[in-house]
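# Structure at a glance
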Amino acid sequence: MGNEAPDYFQPESGLVLTHLLIVRDVDRSREFYQRVLAATVVRERQPAILRFHNSYIVINSEGGPTDDKPDVRAQAPPDSSTLSSAMNIRVTDVHAVYEQWRSRGGEFLTKPKDHGVEIRCYLRDPDGYLIELGQGTGILAEMDRAVSA
């Protein structure tokens, strides 16, 4: 399967994990993920579905309860300083992807920062969702040591 995502609508076997984002403007968010992250639009809206490497991003608008979620209201984050959900994307060269996404209009909070076991940085989408972009530099070795101890 490599980097290709399984079929979102009908996986051959097992399941497909996606990340749902509730947004204020579906067109604006779809355009951001297509332009900055180079995600491929599979469906335009209601909901918008984008293929992103070996996974999918589902984008839908805010709204009230539905018959299968009678007490749940879909709402985007109240502001860009409140973290309730984030996508974590791991790459082999964080600096190269940082420069590529920045050149496409991605606005990062900081440049990639080295934290010993990983290098990471964050950008926000138009609704304030955080996207963590990171590269593991020793986290697996640290985890192996902890399991062996």
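Structure: see above.
Just so it is clear, the structure is predicted and the values come from calculations on it, not from any experiment. (Residues numbered from 1 in each chain as written. Predicted model: local features only at pLDDT ≥ 70, side-chain atom pairs only at ≥ 80, totals over all residues. Heavy atoms only, no water.)

## Side note on the sheet that holds strand β5 (residues 86-90)
- One open sheet holds the 4 strands; their spatial order is β5-β8-β7-β6, and the pairing between them is mixed. Edge positions in the sheet fall to β5 and β6 (113-114), since each of these pairs with one other strand and no more.
- Pairing of β5 with strand β8 (residues 130-136) involves 5 bridges; the strand directions are parallel. Paired with isoleucine 89 across the bridge in β8 is leucine 133.
- Helix-sheet contacts for helix α2 (residues 94-103) involve β5, β7 (118-124) and β8, and the interaxial angle to β8 is about 150°. (Pairing = 2+ DSSP bridges. Helix = DSSP H or I, 4+ residues; strand = E, 2+ residues; numbered from the N terminus. Contact = heavy atoms within 4.5 Å. Axes fitted to C-alpha atoms, helices over the stretch in contact; angles between N-to-C directions.)

## Here's the deal with the environment of glutamate 31
- In this fold, glutamate 31 is placed in helix α1 (residues 26-35).
- Each C-alpha atom of the pair glutamate 31 and proline 126 lies 9.9 Å from the other, and the pair is 95 residues apart in sequence.

## A closer look at the packing of aromatic side chains
- Under the criterion given, the structure shown has 3 aromatic pairs.
- Each ring, one from phenylalanine 32 and one from tyrosine 33, has its centre 5.0 Å from the other, and the planes form 85°; the classification is edge-to-face. One exposure class covers both phenylalanine 32 and tyrosine 33, and it is buried.
- Plain terms: the ring middles of phenylalanine 52 and tryptophan 101 are 6.5 Å apart, the flat faces sit at 55° to each other, and that makes the pair tilted. (Phe/Tyr/Trp six-rings, centres within 6.5 Å; stacked < 30°, edge-to-face > 60°. Buried < 20%, exposed > 50% of the residue type's maximum accessible area, 1.4 Å probe, protein only.)

## Description of the environment of proline 126
- Within the element layout of this structure, proline 126 appears in the loop between β7 and β8.
- Note on proline 126: relative accessible area 31%, which makes it partly exposed.
- A sequence separation of 102 residues divides proline 126 from arginine 24, and the C-alpha atoms of the two residues are 8.9 Å apart.
- Excluding anything up to four places from it in sequence, proline 126 contacts Arg28, Ser29 and Phe32.

## What to know about the pattern of salt bridges
- Within the structure shown, the criterion is met by 10 salt bridges.
- Notably, a salt bridge pairs arginine 35 with glutamate 31, separated by 2.9 Å at the nearest N-O pair. Here arginine 35 and its partner glutamate 31 are both found in helix α1, 4 residues apart, which amounts to about one turn of the helix.
- Relative accessible area serves as the criterion here: at 37%, glutamate 31 is assigned to the partly exposed category.
- Here arginine 102 makes a salt bridge to glutamate 99, at a shortest N to O gap of 3.4 Å. Of this pair, arginine 102 and glutamate 99 both sit in helix α2, separated by 3 residues, roughly a single helical turn.
- Under the relative-accessibility criterion, glutamate 99 is labelled partly exposed at 41%. (Salt bridge = Lys/Arg side-chain N within 4 Å of Asp/Glu carboxyl O.)

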